[in-house]
Amino acid sequence: MIVVVLVPQIFVRPTDVRKQADESKMRFAHIDGDHLTYLNVYHAYKQSECVLQIKRCCRSHFVFLL
């Protein structure tokens, strides 16, 4: 099994909404590990059509966006 250790964490977990953040992360989680979880996030990102939708999607799914 390969673990993503050199990639910064892309999920945020605000103190006041940790449970919601954890549940949101689980929607992207893949049984075979971090690489495929990140790939699921990438696919969701690619399906977003405009910058505003991407920002809204990342915020609502607790994904860090630069």
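Before reading further, recall that the structure is shown in the block above.
If you're wondering where the values come from, they're calculated on a predicted model, not measured in any experiment.

1. Concerning the packing of aromatic side chains
Line of reasoning, step 1. Counting across every chain of the model gives two aromatic pairs.
Line of reasoning, step 2. Ring geometry for Phe11 and Phe28: centres 6.2 Å apart, planes at 40°, overall tilted. On the criterion of sequence distance, the pair formed by Phe11 in the segment before helix H1 (18–28) and Phe28 in helix H1 is long-range, its members being 17 residues apart. Taken as a pair, Phe11 and Phe28 share a single burial class, namely buried.

2. Comments concerning unusual backbone geometry
Line of reasoning, step 1. Although it is not a glycine, Phe62 sits at a positive phi angle of roughly 60°.
Line of reasoning, step 2. In this structure, Phe62 sits in the segment after helix H3 (51–60).
Line of reasoning, step 3. Accessibility expressed as a relative area gives 13% for Phe62, which makes it buried.

3. Digging into the side chain of Thr37
Line of reasoning, step 1. Topologically, Thr37 is positioned in helix H2 (residues 34–47).
Line of reasoning, step 2. Ignoring any residue separated from it by four or fewer positions in sequence, one finds Thr37 in contact with Phe11, Phe28, Ala29 and His30.

What counts, and where the lines are drawn
Along each chain, the written sequence defines residue order, and numbers are assigned to residues from 1. Since the coordinates come from a predicted model, pLDDT governs what is reported: local features require at least 70, and pairs of side-chain atoms require 80 or more to be given and counted, while whole-chain, interface and lining totals use all residues. Water and hydrogen atoms were dropped before computing side-chain values, which therefore reflect all heavy atoms in the structure. Any two rings among Phe, Tyr and Trp, with Trp reduced to its six-membered ring, count as a pair given centres within 6.5 Å; such a pair is stacked if its planes are under 30 degrees apart, edge-to-face if over 60, and tilted if neither. Starting at the N terminus, helices and strands are each numbered in turn, a helix being any DSSP run of H or I of at least four residues and a strand any DSSP run of E of at least two. Between buried and exposed lies partly exposed: a residue is buried under 20% and exposed over 50% of the maximum accessible area for its type, with that area taken using a 1.4 Å probe on protein chains only. Any two residues whose heavy atoms approach within 4.5 Å are treated as being in contact.

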